[in-house]
Amino acid sequence: MTIPAERLDQIAHRFAELEARMASGQLVGDAFVQASRDYAELEPVARVAAEVKAAREEVASLEEMLADPEMKAMAEEELEELRQRLPEAERELAIAMLPRDSADAKPAMLEIRAGTGGDEAALFAGDLYRMYERFAAEQGWKVEPVSMSAAEVGGFKEVVANIAGTGVFARLKFESGVHRVQRVPETESGGRIHTSAATVAVLPEPDEVDVQIDAGDLKIDTYRASGAGGQHVNTTDSAIRITHLPTNTVVTCQDGRSQHKNREKAMQVLRARLFEQQREATEGAEAEARKAMVGSGDRSERIRTYNFPQGRVTDHRIGLTLHKLPEILAGTGLGELVDALIAEDEAKRLAAMTE
């Protein structure tokens with residue numbers, strides 16, 4: 001895909017204008033924040049566009065040198081190398097110019113729930129949570145648990161966490177769906193392989209200005225928190241249940257001993273869920289297009305199988321199997337899967353644009 005020269009000039013002009021505004025010292029408050037976001041989004045595009053423009057100009061210059069017998073041999077050698085490099089730079093630019101999900105730069109809310117498989121599903125939910133925790137640490141992100149419902153045997157019936165950092169949602173958004181595990185449970189005396197599942201949802205975490213919540217639309221209940229097995233973990237009504245009446249969205253939080261902190265965390269989750277509902281409603285056409293790419297992000301879609309007897313992990317959306325199950329569950333090998341999913345999504349969107 002060749003980007004017209006006029007478009008390269010437009011990108012360079014827009015970036016120069018933005019740099020000048022940022023350097024002027026006249027931007028304050030929301031204007032500075034918006035300009036900073038625009039700069040961060042445009043900078044990688046402008047950088048690759050400048051490289052492509054320079055390479056094209058060099059090709060033109062070398063082609064002129066071919067007419068000079070004394071310079072022809074050197075020009076041909078450099079042209080050969082440049083003509084091999086330029087298409088990759090053109091493709092990199094085309095990918096950089098693809099429309100971005102407006103939520104890509106945001107932090108994310110990670111929700112993991114045990115599915116079919118009873119105790120084994122809860123244990124697997126715990127494995128997945130630790131996998132994402134370690135992967136986040138590798139990326140330099142910060143993970144903060146929001147709500148945890150522990151299972152008696154270990155693992156989690158449900159766990160919700162906030163992951164803060166640069167581009168978290170962009171890297172993790174393809175993790176939403178059903179994750180299936182095939183292994184022999186520790187409690188299985190006959191050595192039979194069981195299949196269990198856990199659902200993962202990754203939601204972009206909005207800023208407060210992204211989602212306006214009317215206090216009159218909320219029903220807030222307090223109750224006494226309980227731990228695994230139903231035992232009370234404290235003697236005060238610190239647990240919070242918030243119901244958003246217009247959408248009947250219910251969020252609970254009981255991890256902290258402070259009712260105030262539990263309420264803050266519950267509101268954090270509520271904003272993320274309402275933001276995702278708004279995105280689905282307002283981006284109908286874009287959402288349909290996304291479903292045709294790597295995946296819909298629907299938590300009911302089976303996306304991946306972790307097979308312990310064979311030590312493999314298979315992502316069913318892109319047909320990729322890696323025999324690196326221990327590394328992936330340790331978080332160190334997950335990046336290879338994440339990168340492959342992002343590359344496949346970019347390739348399909350690029351192909352769709354050129355059809």
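Numbering of residues begins from 1 in every chain and follows the order in which that chain's sequence is written. Confidence filtering applies because this is a predicted model: local features only for residues at pLDDT of at least 70, side-chain atom pairs given and counted only at 80 or more, and all residues used for totals across whole chains, interfaces and linings. The side-chain quantities take in all heavy atoms of the structure and omit both hydrogens and water.

**Q** Provide a residue-level description of the side chain of Glu346, including the pertinent values.
**A** Starting at the N terminus, helices and strands are each numbered in turn, a helix being any DSSP run of H or I of at least four residues and a strand any DSSP run of E of at least two. Checked against the element boundaries, Glu346 lands in helix H9 (residues 334-354). Setting aside residues up to four positions removed in sequence, Glu346 forms contacts with Ile95, Leu98 and Arg100. When checking whether two residues touch, look at their non-hydrogen atoms; a contact exists if any pair is within 4.5 Å.

**Q** Give me the lowdown on the packing of aromatic side chains, citing residues and values where you can.
**A** Classification of ring pairs uses Phe, Tyr and Trp, with its six-membered ring standing for Trp, and accepts pairs whose centres are within 6.5 Å; under 30 degrees between planes counts as stacked, over 60 as edge-to-face, and the remaining range as tilted. By the definition in use, this model includes 4 aromatic pairs. A centroid spacing of 5.7 Å and a plane angle of 80° characterise the contact between Tyr129 and Phe156, whose relative ring orientation is edge-to-face. A residue pair is termed long-range when its members are at least 10 positions apart, and Tyr129 in helix H4 (residues 119-139) and Phe156 in strand E3 (residues 156-164) qualify at 27 residues. The pair Tyr129 / Phe156 is uniform in exposure class, with both members buried. Definition used: whenever NZ (Lys) or CZ (Arg) falls within 6 Å of the ring centre and also within 35 degrees of the ring normal, the charge is taken to sit over that ring. Of note, Arg183 hangs over the ring of Phe308, and the distance from its end group to the ring centre comes to 4.8 Å. Relative accessible area decides the class of each residue, using a 1.4 Å probe on protein chains only: under 20% of the type maximum gives buried, over 50% gives exposed, and in between gives partly exposed.

**Q** Requested: an account of H4, with residues and values cited.
**A** Spanning 21 residues, H4 covers 31 Å between terminal C-alpha atoms, matching the ideal 30 Å at 1.5 Å per step. Remark: Gly140 follows H4 within two positions and exhibits a positive phi of approximately 80°. How far a helix is expected to stretch is found by multiplying one less than its residue total by 1.5 Å.

**Q** Describe the side chain of Asp315, with residues and values.
**A** The residue Asp315 is located in strand E10 (residues 312-315) in this model. In protein, a polar contact means a hydrogen-donor-capable atom and an acceptor-capable atom, both N or O and within 3.5 Å, with residues adjacent in sequence counting only if both atoms are side-chain atoms; elsewhere, any N or O pair within 3.5 Å suffices. Among the polar contacts made by the side chain of Asp315, one reaches the side chain of Arg304 at a distance of 3.1 Å. Aside from chain neighbours lying at most four places away, what touches Asp315 is Ile303, Arg304, Leu320, Leu337 and Leu341.

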